[in-house]
Amino acid sequence: MKTLFDKIWDAHVVSSVENGPTQLYIDRHFCHEVTSPQAFNGLRARGLKVFRPEKTTITADHNTPTMDQDKPVKDPISKNQLDTLSKNANDFGISLFYPLGHQKNGVVHIIGPENGFTQPGMTIVCGDSHTSTHGAFGAIAFGIGTSEVEMVLATQCILQTRPKTMRITFNGNLGEGVTAKDLALYMISKLTTGGATGYFVEYAGEAIRNMSMEERMTLCNLSIEMGARGGLVAPDETTFAYVKGREFAPKGEAWDKALAYWKTLKTDEGAKFDKELVFDAADIKPMITYGTNPGMGMSIDGTIPTLEQIDEAGRISFQKSMDYMGFAPGEKVEGKAIDYVFLGSCTNGRIEDFRAFANFVKGKKKADNVIAWLVPGSHMVADQIKTEGLDKILTDAGFQLRQPGCSACLAMNDDKVPAGKYAVSTSNRNFEGRQGPGARTILAGPLVAAAAAVTGKITDPRYFN
């Protein structure tokens, strides 16, 4: 009896060392401009070629501006990163390259699935923490470091220690106004940022099976934020329907063969996990974070813990977090004024996120005190927004769509939140300075972000009409 993780891992083992690492074959390697330059330079220094260039997909996303993409990039560091990426893709013969301005360009963990590169049963890596996004398809997907990027480019393999396995089951259904992002933030608040360290997590239960693929991607995306090596969901009819017909998905007989294999990718009855956790989806409310790591989360109507409720060993760092955020232990965050709203990132930059946001703000107006950055995760998402008329709804409500990119998820481009300002963000990390030096990030889902955007304060979307 095997778990889903075991089946995929074992099918990709090239060799293994007793009490040592496993040499694992990698089916798909994604690259972007930040973690790849040194890896390509390493290949040059050693006189090596990319072993299987057709297995590598490259996009520009972290440093891309989200306005005026048809004009020269102003920031010299960003321009150098983007130019270097283009040179490396061309020098090493990687044809699956989507630079700034390309119709397939976008955030790496969004363009992979939407183009059909991401498929069940694969091993997938990228020099990016949130590679676990692709686990939503029933794949082993995880982030790697720059030296490992070089290893994969050179050999299409990677050395890895086999992680332990964990299953987290969510029984029942999510309530009205509660999203996959809320479920993920709830889970991280329970496990903390280190609660799944050393594990690869399989998500199961009725609440997970009822999720769309985009919701599953949001959930798996955040696996790393509780310390997990990655997270995955067993593929099912929802998965197959999403993948079928996409450009790089199998076709004809190849599809039939792949589908037959994909249907075997589920945990066997009686298979043992190293750890199991169970939650009731009905207990989850819209969530927000109040501190400086994703584990510092609570329901939107909750109260920040008091110092007495924090373990003595963690009180100094907790108080430091409160000082940075401008909050006090024991107070509520609901109702507090905010300055920025960010909808986007590899966590919540897909079409369903924009549908939810647009549906909420339809007929309302953006609050005057709020600056909103609405950033589609790819050009395909941006086109779909326009096709569905969501852009008109957003414009009528006083919002402006920006162009695709990682944007305000991290301070590597022009979209930086000023020091001391509060940003309700649908991204994945709220560390000090993550969205700009001194920026104060409150992580939330698209509905909480929409409610904040129209009220100018932290607002429960369930009770606002």
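To start, this report covers the structure provided alongside it. Bear in mind that the values here come from a model prediction, so they are computed numbers and not experimental data.

**Brief notes about the overall build of the chain**
Line of reasoning, step 1. Within the chain, the regular secondary structure consists of 16 helices and 18 strands.
Line of reasoning, step 2. Computed over C-alpha atoms, the radius of gyration of the chain comes to 21 Å, within 12% of the 23 Å expected from 2.2 N^0.38 for 465 residues, which places it in the range of a compact globule.
Line of reasoning, step 3. With respect to the principal axes defined by its C-alpha atoms, the chain has extents near 55 × 55 × 45 Å.
Line of reasoning, step 4. Measuring between centres, the 50 positive side-chain charges of the chain sit 2 Å from its 53 negative side-chain charges.

**Thoughts on the sheet that holds strand β1 (residues 13-16)**
Line of reasoning, step 1. One open sheet holds the three strands; their spatial order is β1-β2-β8, and the pairing between them is antiparallel. Since the sheet does not close on itself, it has two edges, and those belong to β1 and β8 (157-160), each with one partner. Put simply, the sheet's adjacent strands are angled 20° from each other on average, direction ignored.
Line of reasoning, step 2. Looking at chain direction, β1 and strand β2 (residues 22-25) are connected through three bridges and run antiparallel. Paired with S16 across the two strands is T22, which belongs to β2.

**Some words on helix α8 (residues 213-221)**
Line of reasoning, step 1. Extensive coverage of α8 is indicated by the burial of eight of its nine residues.
Line of reasoning, step 2. Among all positions in α8, only M213, E214, R216, M217, T218, L219, C220 and N221 are buried.

**A closer look at the environment of H130**
Line of reasoning, step 1. Residue placement: H130 occurs in the loop between β6 (123-126) and β7 (140-143).
Line of reasoning, step 2. A C-alpha to C-alpha distance of 8.5 Å links H130 and T347, two positions 217 residues apart in sequence.
Line of reasoning, step 3. Of the polar contacts made by the side chain of H130, one reaches the side chain of N428; its length is 3.5 Å.

Rules of the game
- Residues numbered from 1 in each chain as written.
- Predicted model: local features only at pLDDT ≥ 70, side-chain atom pairs only at ≥ 80, totals over all residues.
- Heavy atoms only, no water.
- Helix = DSSP H or I, 4+ residues; strand = E, 2+ residues; numbered from the N terminus.
- Rg over C-alpha atoms; globule rule 2.2 N^0.38 Å.
- Lys, Arg positive; Asp, Glu negative; His and termini not counted.
- Charge placed at Lys NZ, Arg CZ, Asp CG, Glu CD.
- Pairing = 2+ DSSP bridges.
- Axes fitted to C-alpha atoms, helices over the stretch in contact; angles between N-to-C directions.
- Buried < 20%, exposed > 50% of the residue type's maximum accessible area, 1.4 Å probe, protein only.
- Polar contact = N/O pair within 3.5 Å; in protein donor to acceptor, adjacent residues only side chain to side chain.

Just distances and angles here, no functional claims.
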